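Residue strings, one per chain:
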Amino acid sequence: MRHEYRPPQRRSRLTRRGRLALFFGTLLGLGAIVLISLLRGGEDPEKPRQLVIREGWRAPQVYAAIDRELKLPAGSAKAAAATAALDLPAEAKGNPEGYLFPAAYPVSSKSTPATLLTDMVRTANQKLATRAVTDGAKAHGMTPYQTATLASVVQAEADRPADMAKIARVVHNRLAKSMPLQMDSTLHYALNRSTVDTTLADTRIDSPFNSYERQGLPPTPIESPGLGAMGAAVAPTPGDWLFFVTVKPGDTRFSTTYEEHKQHVADFNRIRAEAGSPAGQGAAAGR
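The following refers to the structure shown. Each residue is numbered by its place in its chain's sequence as written, counting from 1. Reporting in this predicted model follows two pLDDT cut-offs: at least 70 for local features of residues, and 80 or more for side-chain atom pairs to be given and counted; totals over whole chains, interfaces and linings ignore these cut-offs and use all residues. Excluding hydrogens and water, the side-chain figures rest on all heavy atoms present in the structure.

Concerning the environment of serine 211
So the rule is basically this: Secondary structure elements are taken from DSSP: a helix is a run of H or I of four residues or more, a strand is a run of E of two residues or more, and numbering for both begins at the N terminus. Relative accessibility decides the category of a residue: with a 1.4 Å probe and only protein chains considered, values under 20% of the type maximum give buried, values over 50% give exposed, and everything between is partly exposed. Any two residues whose heavy atoms approach within 4.5 Å are treated as being in contact. N or O atoms closer than or at 3.5 Å make up a polar contact, with two conditions inside protein: a donor-capable atom paired with an acceptor-capable one, and, for residues adjacent in sequence, both atoms drawn from side chains.
For serine 211, the location among the structural elements is in the loop between helix H8 (184–190) and helix H9 (227–234). Accessibility expressed as a relative area gives 5% for serine 211, which makes it buried. Taking the C-alpha atoms as reference points, serine 211 and leucine 187, separated by 24 residues in sequence, lie 7.2 Å from one another. Discounting residues that sit within four places of it in the chain, serine 211 has contacts with Pro180, Leu181, Gln182, Met183 and Thr186. At 2.7 Å, the side chain of serine 211 and the side chain of threonine 186 are in polar contact.

Description of the pairing of strand S3 (residues 243–248)
This is how it is decided: We call two strands paired when DSSP finds no fewer than two bridges between them.
Most of S3 sits inside the fold, with five of its six residues counted as buried. Of the strand pairs in this sheet, S3 and strand S4 (residues 251–255) are connected by five bridges, and their pairing is antiparallel. Opposite lysine 248, over in S4, you have aspartate 251 as the bridge partner. Between S3 and S4, which pair antiparallel in sequence order, lie two residues; one of them, glycine 250, sits at a positive phi of approximately 85°.

Digging into the packing of helix H6 (residues 144–157) against helix H7 (residues 164–176)
This is how it is decided: Orientation is described by lines fitted to C-alpha atoms, with helices fitted over the stretch in contact, and by angles between N-to-C directions that extend from 0 to 180 degrees. Oblique is the label for any angle not covered by the other classes, which are roughly parallel (under 35 degrees), roughly antiparallel (over 145) and roughly perpendicular (65 to 115). The sense of a crossing depends on the near helix, which, turned anticlockwise from the far helix by less than a right angle, makes the crossing left-handed and, turned clockwise, makes it right-handed. Any residue outside Ala, Val, Leu, Ile, Met, Phe, Trp, Tyr, Cys, Pro, Asp, Glu, Lys and Arg is labelled polar, Gly included; the first ten of those are nonpolar and the last four are charged.
Viewed as axis vectors pointing N to C, H6 and H7 meet at an angle of 130°, and their least axial separation amounts to 9 Å. The orientation of H6 relative to H7 falls into the category oblique. Both H6 and H7 take part in a crossing whose hand is right-handed. Two secondary-structure elements touch here, H6 through Leu150, Val154, Gln155 and Glu157 and H7 through Met164, Ile167, Ala168, Val171, His172 and Leu175. Of the residues assigned to the contact of H6 with H7, the class counts are seven nonpolar, two polar and one charged.

A look at unusual backbone geometry
Glycine aside, the phi torsion of most residues is negative, and most peptide linkages are trans. Its identity is not glycine, yet alanine 85 carries a phi of approximately 55°, on the positive side. One can find alanine 85 in the loop between helix H3 (76–81) and strand S2 (104–107).

What about the packing of aromatic side chains?
In plain terms, the rule: Pairing of aromatic rings covers Phe, Tyr and Trp, the last through its six-membered ring, and needs centres within 6.5 Å; plane angles under 30 degrees mean stacked, over 60 mean edge-to-face, and all others mean tilted. Any Lys NZ or Arg CZ found within 6 Å of a ring centre and within 35 degrees of that ring's normal is scored as a charge over the ring.
Enumeration according to the criterion identifies five aromatic pairs in this entry. A ring pair is formed by tyrosine 189 and phenylalanine 209, whose centres lie 4.9 Å apart and whose planes are at 55°; its orientation type is tilted. Of this pair, tyrosine 189 sits in helix H8 while phenylalanine 209 is found in the loop between H8 and H9, placing the two residues 20 residues apart along the sequence. Residue classification places phenylalanine 209 among the buried residues on the basis of a relative accessible area of 13%. Pairwise contacts between aromatic rings join Trp241, Phe244 and Phe254 into one cluster. It is lysine 166 that lies over the ring of tryptophan 241; its NZ or CZ is 4.7 Å from the centre.

Brief notes about the environment of leucine 187
On the secondary structure map, leucine 187 appears in helix H8. For leucine 187, a relative accessible area of 0% corresponds to the buried category.

Comments concerning H6
Note: α-helices contain 3.6 residues per turn, so residues at a spacing of three or four share the same orientation. What counts is decided by this rule: The length a helix should cover is 1.5 Å for every residue beyond the first.
Between its first and last C-alpha atoms H6 spans 20 Å; for 14 residues at 1.5 Å apiece the expected length is 20 Å, and the two agree. Burial analysis of H6 places eleven of its 14 residues in the buried class, which makes it a mostly covered element. For H6, the full list of buried residues reads Tyr145, Thr147, Ala148, Thr149, Leu150, Ala151, Ser152, Val153, Val154, Gln155 and Glu157.

Any functional reading would require information that these geometric values do not contain.
Structure follows, in structure tokens:
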């Protein structure tokens, strides 16, 4: 066997300075790896909180909820609504009432009143743009804003979701007959209160929201309607009702004649009197 000659190879040896440089370089490299790991995984990602907007809330209630959640001075969200360039229809004239859609919204350290209000209005527009709502609104000759307005009245008047579509029918029937809606909820909106008590004096207030004196829908929505109320507004239950009154919780009675309705209102007043409360007009009482 032949063996080729190979000159002996010299092993390179580190000097003391070289060994120290390699040692500290290794330490620094490990430190950089540890530091990167800490930066990447040392902190958990922020978990958003949730701001719940309830069905039937008016804009001031929504503003107050935003201010509380973000720990801002009272009035901050209301001021932001005026400058946030919200995507509202021209009919709204900058007023987001009825378009602050009730839902749960994520809140983080980056949230502001403007971002939350924008999310709410965007959601309302999306719900009003669903095919079921748009087709139903067109069938009744309503714009999306009119749909939101009618739905807000339904939301305010309904004692329970099961009554919404029948209440919407009463509204449509009254509009078709050019009858004033005579809804107590519009009076209470004008008077900035929430109650079931309505007096004769209330029905005579000078306000565009006085649906006892003025025909047609109120000029704006009166609160935030949910999807159920929107659906009822565009797909009301078939019927000839012109009146209704919630005699007691869970007992809303619908009538086609004023005489029948007066009997239901009498029951409403009797029950109220037995409970020690003043008599009222009753919803859509008529005169």
